[in-house]
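Close look at the chain arrangement
If you want the building blocks of each chain, they are given just below.
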Amino acid sequence: MTATRSDAALLLPDATVRRLLPLARATSGETDATASPLDGSHLADVPQSTLDDVDAAFASARAAQPAWAELGASERGRRLLAFHDLLLAAQAELADVIVAESGKARKDAVEEVFHLAMTARYYGQYAAGFLRPQRRRGVFPGLTRIDVHHHPKGVVSVISPWNYPLTMAMADGLAALAAGNAVVAKPDAQTVLTALAGLELLRRAGVPDDVWQVVTGPGGEIGTALVERGDHVCFTGSTATGRKVGVGAAERLVASSLELGGKNPMVVCADADLDAAVDGALRGCFSNAGQLCVSFERLYVARAVYVDFRDRFVAAVAALELRPGLDWTGEVGTLTSAAQLDKVQAHVEDARAKAATVLVGGRHRPDLAPWSFEPTVLEGVSEDMECFRDETFGPVVSLYPFDTEEEALVLANDSTYGLNAAVWSRDHARARALASRIRCGTVNVNEAIAASFGSLSAPMGGMGQSGLGRRQGPEGLLRFTQVQAVATQRGMGLGAPTGASREKFAEVMTGALKVMRALRL
Ligand code: NAD
């Protein structure tokens, strides 16, 4: 494994930090210091919001939302498309901020910029179509007309994690904006500058200041305040916090969408193109140093090709460039926090102590960055080990052989999570059939993650403990709407006419139902 420390300057220019911080709605006078995972150096003193700030943010967002909705879907779409262009133009500075705050490799940072730009383009182009009123069949066709409308819910709360600090902080909210809502967002405390850099561009694209606001502070206090105020709560983060958020929203009879953790399986069939599968496994396991909700931590490989795959994969992992830094050279960056490092180390040490084999990696690398950890492949992992079922959320993957594809299916489905999976096979039809039986919200055939996640028309989200609701696709926008049916009746009313025989009415009604059944109406 090539592992060097980057020589690039590690800090963001002061001017950038000073420009961005005032965009947060935060008046307490208190600040929270953040440090860069690249070298532990001071990054910013982030102003902290009070509960009064949160109240003020919701009040002004509520006041501004009707005018935003009145603009119409086409004009809102034009502003999202302008945001797309600004994101691409500003990608170098955005990547600097993302890397400085999260410690990820620059290639992973620009992927975030692209994903957010693609989201802006998708909803910019298609939201008007998703929101167009629909005609549906009425109780008596020809006499009853049904129009279905989608109205914005109002102000959407967006609570996001640090791992993909640009796109997780903004992509869901863009769909909410496109549907005519306002947004109050609370990014993770570690990655506020990134969320503000995105906000700056959104405002430049023509989204009014009050329509998207960012508040800051601890999740337990400010995150909870968003759960208590939003008309829909959109949360991305851990399953444990997501459960609390879901309960809080449900108590108010407000819907929540919860994008949570995963323990994602990848299945390599005996007829797979092993070069492609190895390549996909590298991206699928070690993008963002494995701190990716859809990344793979369980690799099931057909016994006939197990040794071949294992040896190629281990060699490829050993050749990965582990180099935290701002420049383009590194393929794998650092973990983002001491807590992440603790969890990853604990999983690897527990597996080692219980006789798993570390095929490659397995070491903390403080010589590269304070929380850097080597991409790690384990073999011989058993049920009693922590990394067997629990999400590691780091660069650690376990290899397991299987004998039949039915067995692979049982193993892949042996998890309370159900977020993402992949199947590798040259027989696309068989692979798709297997994929559809894996209990995960997205399954990629012959690709790790990007085929589904990068296809903005594809709904994305978790089954089981991985969450509720879907982002992306029409589903990702319609969740932020209130659905209304307007029924218009022509001619006769639908009940028994006053004074008519009830028996006669039941007879007529029975005849009508039989006719409609026969005509398949
Ligand atoms: P986390 O749950 O600790 O924090 C996520 C966000 O919630 C942060 O902004 C935090 O401040 C806030 N928060 C904390 N406590 C809160 C509370 N009581 N009420 C409201 N908000 C609160 O998660 P994390 O450790 O930052 O993120 C990592 C987890 O996120 C992993 O499990 C990962 O799989 C998951 N994740 C899922 C997806 C997805 O799309 N499914 C995407 C990215 C990350």
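Residues numbered from 1 in each chain as written. Predicted model: local features only at pLDDT ≥ 70, side-chain atom pairs only at ≥ 80, totals over all residues. Heavy atoms only, no water.

1. A word on the sheet that holds strand β5 (residues 144-152)
Within the open sheet, the three strands sit side by side as β4-β5-β20. Their pairing is antiparallel. Two strands in the sheet have a free side with no partner beyond their single neighbour: β4 (134-137) and β20 (481-489). For this sheet the average axis-to-axis angle between neighbouring strands, irrespective of direction, equals 30°. With nine bridges joining them, β5 and β20 adopt antiparallel strand pairing. Within the sheet, the bridge partner assigned to Asp-147 lies in β20 and is Val-486. (Pairing = 2+ DSSP bridges. Helix = DSSP H or I, 4+ residues; strand = E, 2+ residues; numbered from the N terminus. Axes fitted to C-alpha atoms, helices over the stretch in contact; angles between N-to-C directions.)

2. A word on the side chain of Glu-200
Residue placement: Glu-200 occurs in helix α7 (residues 192-204). A distance of 2.7 Å separates polar atoms of two side chains, one belonging to Glu-200 and the other to Arg-19. Among residues more than four places away in sequence, those in contact with Glu-200 are Arg-19, Leu-20 and Leu-23. (Polar contact = N/O pair within 3.5 Å; in protein donor to acceptor, adjacent residues only side chain to side chain. Contact = heavy atoms within 4.5 Å.)

3. Structural notes on unusual backbone geometry
Positive phi outside glycine occurs at Ala-289, with the angle close to 50°. Mapping Ala-289 onto the fold places it in the loop between α10 (274-286) and β12 (296-302). Phi is positive for Phe-393, close to 60°, though the residue is something other than glycine. Position of Phe-393 relative to the elements: it lies in the loop between α13 (386-389) and β16 (396-402). Using a relative accessible area of 14% as the deciding quantity, one classes Phe-393 as buried. (Buried < 20%, exposed > 50% of the residue type's maximum accessible area, 1.4 Å probe, protein only.)

4. Some remarks on the pairing of β4
Two elements, β4 and β5, share four bridges in a ladder whose sense is antiparallel. Within β5, the residue paired with Arg-137 across the bridge is Arg-145. Joining the antiparallel neighbours β4 and β5 is a turn of six residues, in which Gly-142 adopts a positive phi near 95°.

5. Remarks on the sheet that holds strand β8 (residues 212-214)
If you walk across this open sheet you meet the six strands as β8-β7-β6-β9-β10-β19, and the pairing is mixed. The open sheet has two edge strands with one neighbour each: β8 and β19 (467-468). Taken together, the two bridges between strand β10 (residues 256-259) and β19 define a ladder with antiparallel strand orientation. Opposite Leu-258, over in β19, you have Leu-468 as the bridge partner. Against the sheet, helix α6 (residues 167-178) contacts β6 (155-159), β7 (182-186), β8 and β9 (232-236), and its axis sits at roughly 155° relative to β8.

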